[in-house]
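So you can see what is in the structure, the chains are spelled out below.
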Amino acid sequence: MGGLLTGKAIAQSSSSTYPMAGSVNTWQPPVDEPDSTADRWRRHIQAVSSDEAVRLFDTLFWLSPELAQSIPCLPPLGDWSGNRISSGFGWRSHPTLRTIRHHDGIDIAGPHQYVRAAANGVVVAIGKSASLGQYIRVNHLNSYTTLYGHLAMTLVRAGQRVHIGETLGITGRTGRATGVHLHYSVLKQDVPVDPARYLTLAIEFVNTYQRHLNRITNYQPTNTALPVWQK
């Protein structure tokens, strides 16, 4: 999956501490888009809180789909059937250490399956740790990073650019794990935020976008009425 929607498609339709083992610094940041509006939005997203970024997501997608797709906005597992969130974000009793600890992500339990990038970015770390087992860390170049842990296998390399929806690895039970699952973290300015807020941002937008197209397609113009989406 190389992306959800392009700018052209939109225009045509609407006249804790994380391990860093394996990190590399050979990639170059992307060239700024010539559109100064997109540049201002990029800086704004970097500066605002997580809650504000979530609130602005739909607006940002209409203005710059490419920039919106660098915000973690897809579930990290493509097929949700058979999956469940087995542990949420926040304080919990650790399932193996039996101590109260802050859980800086969510655990998604289910069968072995492909893990995908939640947004466009660059793989900055692939490694192993006692707690997370095999993990991948992706920098989305806009104050966001995502972390994917307990993997059975990694299928990307450090320094590799990845597109939203691209396969990163396969779920497993490496590290401190009681069963096959994915640990998924979203960090903004290196501070963990609740990934549940981000899981379906893109799906919700696409559903809204499709309803918008249906309204345009089904609209029968009259001399006095405006299209529903313009009221």
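None of the values given here were measured: they were computed from a predicted structure.

> Could you give an account of the environment of Leu77, with specific residues and numbers?
Here Leu77 lies in the loop between α5 (65-68) and β1 (84-87). Among the residues examined, Leu77 registers a relative accessible area of 2% and is labelled buried. In sequence terms Leu77 and Ile108 are 31 residues apart; their C-alpha atoms lie 8.7 Å from each other. When sequence neighbours within four positions are dropped, the list of residues in contact with Leu77 reads Asn83, Ile108, Gln113, Tyr114, Val115, Arg116, Thr171 and Leu182.

> Provide a residue-level description of the packing of aromatic side chains, including the pertinent values.
If you walk through the whole model with that rule in mind, you get five aromatic pairs. Seen in terms of ring centroids, Tyr148 and Tyr184 are 5.5 Å apart; in terms of plane orientation they differ by 35°. Their pairing is tilted. With Tyr148 in strand β8 (residues 144-154) and Tyr184 in strand β11 (residues 181-188), this residue pair connects regions lying 36 residues apart in the sequence. For Tyr148, a relative accessible area of 0% corresponds to the buried category. Classification of Tyr184 as buried rests on a relative accessible area of 0%. Clustering of aromatic rings is evident, with ring pairs tying together Phe57, Phe61, Trp62 and Phe205. In this arrangement the basic side chain of Lys188 is found over the ring face of Tyr144, its NZ or CZ atom lying 5.3 Å from the centre.

Reading guide: rules and limits
- Residues numbered from 1 in each chain as written.
- Predicted model: local features only at pLDDT ≥ 70, side-chain atom pairs only at ≥ 80, totals over all residues.
- Heavy atoms only, no water.
- Helix = DSSP H or I, 4+ residues; strand = E, 2+ residues; numbered from the N terminus.
- Buried < 20%, exposed > 50% of the residue type's maximum accessible area, 1.4 Å probe, protein only.
- Contact = heavy atoms within 4.5 Å.
- Phe/Tyr/Trp six-rings, centres within 6.5 Å; stacked < 30°, edge-to-face > 60°.
- Lys NZ or Arg CZ within 6 Å of the ring centre and 35° of its normal.

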